[in-house]
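Notes for the structure review
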Amino acid sequence: MDERKERELYFWLRLIREFEDRVSALDKQGKVQGGVYSGKGQEAVTVGVCHDLRADDWVFPLHRDLGAFLVKGADPGRLMAQILGKRDGFAKGKDSFLHGGDFSHGIFGATSMLGATLPVAVGSAYKFKVRKEDRVAIAFFGEGASSRGDVHEAMNFAGVHKLPVVFVCENNFYAYSTPNELQFAVEDVASRAQGYGFKGEVCSGNDLHAVMKAAGKAIHRARGGEGPTFLECKTYRYHGHSEHDRATYRTEEELVTWESRDPVERWETYLGKRKYDIASIKTETTERVRKIVDDALAFAEGSPLPEGPEAMEDLYATPVTEG
Ligand SMILES: Cc1ncc(C[n+]2csc(CCOP(=O)(O)OP(=O)(O)O)c2C)c(N)n1
């Protein structure tokens, strides 16, 4: 990997972290519409999976994945406007972060019904296959969502038809307060892949190198017509399930242990070992990401709230016409 790429990856990690922190602060100020589900601590997953995707690939993020929006190319100002419920947001101020997709960048957005995006991701992968296009769909989901019936249906269909989809399970050990041992009776959720007839892989979701390697292989397989992969990334969310959750179901020691495996600091250590001037890289990157987030917030705060009659617009879907 060349230095430019290594620094770009660092930029993405830091931009997501800055964005997450700012959104959490804005939530405390009562400026956010809807819930805030911080993905702080899980940044290496979205960066490692999305950094090398093509513009015409599609991602189906989960509620904790604002990072996937940023890395896939969504405009930070529009993303912030979405979070503040403003008219320039993807949903034109009609909804919270949860239900805003950016179709112009191949981002479907999340849904409240956990797991419900997986059949949609598989449907788009089916379309790619029918049209003989070498495009890929990435379906993110949590280990809690993995217990849903439609997740099983999506994976089974994808396996039968060898579809170009990568199922990325962000296993952060808790589905709200439910720990893994009460969620499934296997050690790795990825082991289920065998039952669907495709490959399952487990990697550390806090190690950007590991995610990039595993995701790179899975994307390559999908693009080359070799079918789906179930990629389980073991990671951890630092915040509660949402900002109102104090996460009393886990210990301080557990949190600190995971913080010591921080994905951003890990990449900084790597850059330092490559003998780059890490102090100046950190300073430059801090300035750069702060400015992007400041500008995004200024744009979002300047964006109007929708007017009443707009509530009646866009009630019915128009067919997606992207190529
Ligand atoms: C079908 C469904 N069941 C329950 C909920 C309520 N709920 C929202 S997020 C969440 C936890 C999800 O855990 P997981 O899928 O592991 O993702 P994580 O939040 O850990 O990233 C729950 C139970 C929901 N939104 N949809």
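Everything here concerns the structure above.
Counting starts from 1 at the beginning of each chain's written sequence and moves along it residue by residue. Note on the predicted model: pLDDT of at least 70 is required for a residue's local features to be given, and 80 or more for side-chain atom pairs to be given and counted; whole-chain, interface and lining totals, by contrast, use all residues. Only hydrogens and water are set aside when side-chain values are computed; all heavy atoms of the structure are taken into account.

Strands are runs of DSSP state E lasting at least 2 residues, helices are runs of H or I lasting at least 4, and numbering of each runs from the N terminus. Counting secondary structure elements, the chain contains 11 helices and 7 strands. In terms of C-alpha radius of gyration, the chain reaches 19 Å, essentially the compact-globule figure of 20 Å for 323 residues. The dimensions of the chain, computed from C-alpha atoms along their principal axes, are 55 × 50 × 40 Å. Buried residues in the chain amount to 54% of all 323 residues. The contact criterion used is simple: two residues touch if any of their non-hydrogen atoms lie within 4.5 Å. Within the chain, counting contacts between residues at least 6 apart in sequence, those at least 24 apart form 76% of the total. Put simply, the radius of gyration uses C-alpha atoms, and a globule should come to 2.2 Å times the residue count raised to 0.38. Partly exposed residues are those whose accessible area sits between 20% and 50% of the maximum for their type, while under 20% is buried and over 50% is exposed, using a 1.4 Å probe and protein chains only.

One speaks of a salt bridge when a side-chain nitrogen belonging to Lys or Arg is within 4 Å of a carboxyl oxygen belonging to Asp or Glu. Scanning the entire structure with this criterion turns up 29 salt bridges. Among the salt bridges present, the one from Asp 262 reaches Arg 17, with a minimum N-O distance of 2.8 Å. One end of the pair, Asp 262, is in the loop between helix 9 (252-259) and helix 10 (263-273); the other, Arg 17, is in helix 1 (residues 3-28), and 245 residues separate them in sequence. This pair shows no difference in class: Asp 262 is buried, exactly as Arg 17 is. One salt bridge in this structure joins Lys 282 and Glu 268, with 3.8 Å as the shortest N-O distance. Here the residue Lys 282 occupies a position in helix 11 (residues 278-302), and Glu 268 occupies one in helix 10, the gap between them amounting to 14 residues. By sharing partners, the salt bridges in this structure join Arg 54, Asp 56, Arg 131, Glu 133, Asp 134 and Arg 135 into a single network.

Moving on to the sheet that holds strand 2 (residues 137-142). Should DSSP find at least two bridges between two strands, the strands are taken to pair. Reading across from one edge, 1-2-3-7-6 is the order of the 5 strands in this open sheet, with parallel pairing throughout. Unpaired on one side and paired on the other, strand 1 (58-60) and strand 6 (199-204) mark the two borders of the sheet. Strand-to-strand twist across the sheet, computed as the mean angle between neighbouring axes with direction ignored, equals 20°. Inspection of the sheet shows strand 2 paired to strand 3 (residues 165-171) by 6 bridges, in the parallel sense. Bridging across to strand 3, Gly 142 finds its partner in Glu 170. Think of each axis as a best-fit line through the C-alpha atoms, taken over the contacting stretch in the case of a helix, with angles from 0 to 180 degrees between the N-to-C directions.

Looking now at the site of the ligand. Any residue with a heavy atom lying within 4 Å of a molecule or strand is counted as near it. Near the ligand you find 16 residues, and of these His 63, Arg 64, Ser 112, Gly 144 and Tyr 174 are the closest. Counting of polar contacts relies on pairs of N or O atoms within 3.5 Å, with two restrictions inside protein: one atom must be capable of donating a hydrogen and the other of accepting it, and residues adjacent in sequence are counted only when both atoms are side-chain atoms. One nitrogen or oxygen atom from the main chain of Leu 114 is found 3.2 Å from a nitrogen atom belonging to the ligand. Bound to the protein, the ligand loses 74% of the 580 Å² it would expose on its own. Classifying every residue of the shell around the ligand gives 7 nonpolar, 6 polar and 3 charged. With residues, only the protein chains shown are counted as cover, and all accessible areas are computed by Shrake-Rupley using a 1.4 Å probe. Any residue that is not Ala, Val, Leu, Ile, Met, Phe, Trp, Tyr, Cys, Pro, Asp, Glu, Lys or Arg is counted as polar, Gly included; the first ten are nonpolar and the last four charged.

Let us look at the pairing of strand 3. Burial of strand 3 is extensive: 7 of the 7 residues sit out of reach of the surface. Taken together, strand 2, helix 6 (residues 149-161) and strand 3 constitute a β-α-β crossover, and its handedness is right-handed. In the sheet, strand 3 pairs with strand 7 (residues 229-234) via 6 bridges, with the strands oriented parallel. Bridge pairing links Phe 167 to Phe 230 in strand 7. Assignment of crossover handedness uses the view with strands pointing away from the viewer, where a clockwise path from the first strand over the helix to the second indicates a right-handed crossover.

Quick reminder: α-helices carry 3.6 residues per turn. Residues three or four places apart thus point the same way. Between its first and last C-alpha, helix 6 extends 19 Å over 13 residues, near the 18 Å set by a 1.5 Å rise per residue. All of the buried residues along helix 6 are Asp 150, Val 151, Ala 154, Met 155, Ala 158 and Gly 159. Considering only its buried residues, helix 6 is in contact with helix 5 (117-130), strand 2, strand 3, helix 7 (193-196) and strand 7. Backbone geometry just after helix 6 places Lys 162 at a positive phi near 50°. One less than the residue count of a helix, multiplied by 1.5 Å, gives the span that helix is expected to have.

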